[in-house]
Amino acid sequence: MTSERSKKPLIQAARGEEPDRWPVWFMRQAGRYLPEYRAVRADVDFVTMCRRPDLAAEVTWQPLRRYDLDASIIFSDILIPCTAMGQELTFDKGHGPKLSAPVRTMADVKSLKRADANKDLGYVGDAISLTKTKLKPAQAMIGFAGAPFTVASYMIEGQGSKEFTEVKKLIFCDRPVITALLEKISEVTVDYLLMQVKAGADALMLFDTWAGQVSPAIYKELIFPSTNQILAQVKRASGVPVIYFPGQGSDRMYELSGCAADVISVDWRTRLSNAGKILKGVGLDVTLQGNLDPQALLAPEEELRSLVRAMKEEAKSAARAHIFNVGHGLLPHTPPESLSIVIDELRK
Ligand code: CP3
């Protein structure tokens, strides 16, 4: 397994080696911008799609059929583990995710189930194994989870949020409750990620979309430790490279000293060269991933090509290696042809 992995450009770059070619994939590369995704989704709700390995594998393959990508990321969602902890997850049209029974007291935390990743979330592993049967040897399979704070934010608010008021109430008025919740999520997340590696994941990614929603001091003392413990633990136990995405995180880079990630995924608000400098400054020699603004894919072809060329130039000296990606997930209005243009320009 290890020697097979070492021939995949994404894994080579993640480990800081010179890759056979410049690796590229797109966050949310499976999704509503593809008509073939919307066709599958027309008959099934999102959570059912995640629970059915045949459908999850099908939509995971869809972008790989269209584009020459170096990785596939398993089709699922960071909130799927919440269902194994006892919350019900629904997606109402146009309203984003909803979780039943928001977690706001110590009694709520205690009543959450200690999920058994193999038993309760085994369908994600089955989807990974099935997806792998049709990947090319050079393509890496990425498994993922949400970082504890980002997942906790949805569990506490019960939905997406702008102000995160319920989360902040716990941070400032009832710290033991959120600390206990982060611990509980972390335990499940470690088992869940290791299960994905057993099923065939070649690399793991931890999405911390809301890392930028708290002050640097709170991030450092409350959020980074549980996140980094997961990164370190799964890396030690599985040997696969780990990618960390601190969303809205330019300023978070200063707080990442000691981070166990092999790759930091940079959002589009930050220059790759600045991210590289800050990370080196806190003692991290890591690979960078990112960070084209996903809305840049709306640009006319020549403009888009020039943005990709500029990013290639910047990436060359920004870090030990680079994985081309967007700086946040693709949006439903992304023109599918734009991904071909980006890949073509990158391969020149
Ligand atoms: O990247 C991939 O192709 C893999 C699949 C993936 C999805 N969600 C599929 C999805 C991944 C890695 C995620 C992660 C995720 N989910 C994050 C972290 C990354 C990020 O984008 O910041 C977050 C915060 C979520 C929570 C979530 N899931 C939200 C807020 C939404 C609704 C947003 C929207 O566009 O409606 C989802 C739903 C979701 N997850 C969809 C997909 C393809 C759309 C569902 C649909 O078909 O309607």
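Residues numbered from 1 in each chain as written. Predicted model: local features only at pLDDT ≥ 70, side-chain atom pairs only at ≥ 80, totals over all residues. Heavy atoms only, no water.

Enquirer: Which parts of the structure should I look at to understand the overall build of the protein?
Expert: When you go through the protein residue by residue, the secondary structure sums to 16 helices and nine strands. Over its C-alpha trace the protein gives a radius of gyration of 19 Å, about what one expects of a compact globule, namely 20 Å for 348 residues. By residue count, 57% of the 348 residues in the protein fall in the buried class. Of all intrachain contacts in the protein linking residues separated by at least 6 positions in sequence, the fraction that spans at least 24 positions is 76%. Summed over its atoms, the accessible surface of the protein is roughly 14,100 Å², and 52% of this surface lies on carbon and sulfur atoms. The protein carries 44 positive and 42 negative side-chain charges, and their two centres are separated by 1 Å. (Helix = DSSP H or I, 4+ residues; strand = E, 2+ residues; numbered from the N terminus. Rg over C-alpha atoms; globule rule 2.2 N^0.38 Å. Buried < 20%, exposed > 50% of the residue type's maximum accessible area, 1.4 Å probe, protein only. Contact = heavy atoms within 4.5 Å. Areas by Shrake-Rupley, 256 points an atom, 1.4 Å probe, with all protein chains shown as cover. Lys, Arg positive; Asp, Glu negative; His and termini not counted. Charge placed at Lys NZ, Arg CZ, Asp CG, Glu CD.)

Enquirer: Could you clarify how one ought to interpret the site of the ligand in this entry?
Expert: Every one of the 22 residues lining the ligand counts as a neighbour, but Arg-28, Arg-32, Tyr-37, Asp-77 and His-328 are closest to it. At 2.6 Å from a nitrogen atom of the ligand is found a side-chain nitrogen or oxygen belonging to Asp-77. Coverage of the ligand by the protein chains reaches 88% of its 880 Å² of free accessible surface. In this structure, the ligand is accommodated by the largest pocket. Elements represented by at least two residues in the shell around the ligand include exactly α3 (35-41) and β3 (96-99). (Near = heavy atom within 4 Å. Polar contact = N/O pair within 3.5 Å; in protein donor to acceptor, adjacent residues only side chain to side chain. 1 Å grid on protein atoms, 1.4 Å probe; cavity = no way out; pocket = protein on both sides within 12 Å on 5 of 7 lines; lining within 4 Å. Sits in = over half its atoms within 2 Å of the grid points.)

Enquirer: Help me out: how do you make sense of the packing of aromatic side chains in this one?
Expert: In this description, a pair of aromatic rings is defined by centroid distance and the angle of the planes. This model, assessed by the stated rule, comprises seven aromatic pairs. Their ring planes at 75 degrees and their centres at 5.4 Å tell us that Phe-46 and Phe-75 sit as a pair that is edge-to-face. Within this pair, whereas Phe-46 is found in helix α4 (residues 46-51), its partner Phe-75 is found in the loop between β1 (71-73) and α6 (80-84), the two being separated by 29 residues in sequence. Of the two residues, Phe-46 and Phe-75, both sit in the buried class. One aromatic cluster in this structure is built from Tyr-37, Phe-46, Phe-75 and Phe-91. Note that Lys-134 overlies the ring of Trp-61, its terminal NZ or CZ placed 4.3 Å from the centroid. (Phe/Tyr/Trp six-rings, centres within 6.5 Å; stacked < 30°, edge-to-face > 60°. Lys NZ or Arg CZ within 6 Å of the ring centre and 35° of its normal.)

Enquirer: Mind showing me how you'd approach the environment of Thr-334 here?
Expert: Mapping Thr-334 onto the fold places it in the loop between β9 (322-326) and α16 (336-347). Through-space distance from the C-alpha of Thr-334 to that of Arg-41 is 17 Å; in sequence the pair is 293 residues apart. Setting aside residues up to four positions removed in sequence, Thr-334 forms contacts with Tyr-33, Leu-297 and Leu-339. In terms of polar contacts, Thr-334 uses its side chain to reach the backbone carbonyl oxygen of Leu-331, at 2.6 Å.

Enquirer: Got a minute to help me understand the sheet that holds strand β8 (residues 287-292) in this structure?
Expert: Strands in a sheet are paired, the pairing made by backbone hydrogen bonds, and the direction either parallel or antiparallel. Here we have seven strands laid out as an open sheet, ordered β1-β4-β5-β6-β7-β8-β9, and parallel in their pairing. Pairing within the sheet leaves two strands with one partner each, and these edge strands are β1 and β9. Neighbour-to-neighbour, the strand axes of the sheet open up by a mean angle of 25 degrees, direction not taken into account. The pairing of strand β5 (residues 203-208) with strand β6 (residues 242-246) spans five bridges and is classified as parallel. Its bridge partner being in β6, Phe-207 is matched across the sheet by Phe-245. (Pairing = 2+ DSSP bridges. Axes fitted to C-alpha atoms, helices over the stretch in contact; angles between N-to-C directions.)

Enquirer: Whenever I open this one, empty space enclosed by the protein confuses me. Can you help?
Expert: Any space left empty among the atoms is revealed by the rolling of a water-sized probe across them. Applying the stated criterion to the full structure yields two cavities of 30 Å³ or more. Its volume calculated, the largest cavity comes out at about 60 Å³. Forming the boundary of the largest cavity are Ile-78, Pro-81, Met-85, Ala-145, Gly-146, Val-151, Ile-185, Val-188, Thr-189 and Tyr-192. If you list the elements that add at least two residues to the lining of the largest cavity, you get β4 (140-146) and α12 (175-199). Examining the composition of the lining of the largest cavity, we find that four residues originate from one element, α12, more than from any other. Residue composition of the lining of the largest cavity, grouped by class: eight nonpolar, two polar and no charged. Looking at the second largest cavity, its volume works out to about 30 Å³. Looking at the second largest cavity, the residues that line it are Gly-276, Leu-279, Lys-280, Leu-284, Val-286, Leu-288, Ala-318 and Ala-319. Take the lining of the second largest cavity: its biggest share by element is three residues, from helix α14 (residues 272-281). Taken together, the residues of the lining of the second largest cavity break down into six nonpolar, one polar and one charged. (Points joined across faces, edges and corners; volume = space filled by probe spheres on them. Nonpolar A, V, L, I, M, F, W, Y, C, P; charged D, E, K, R; others polar.)

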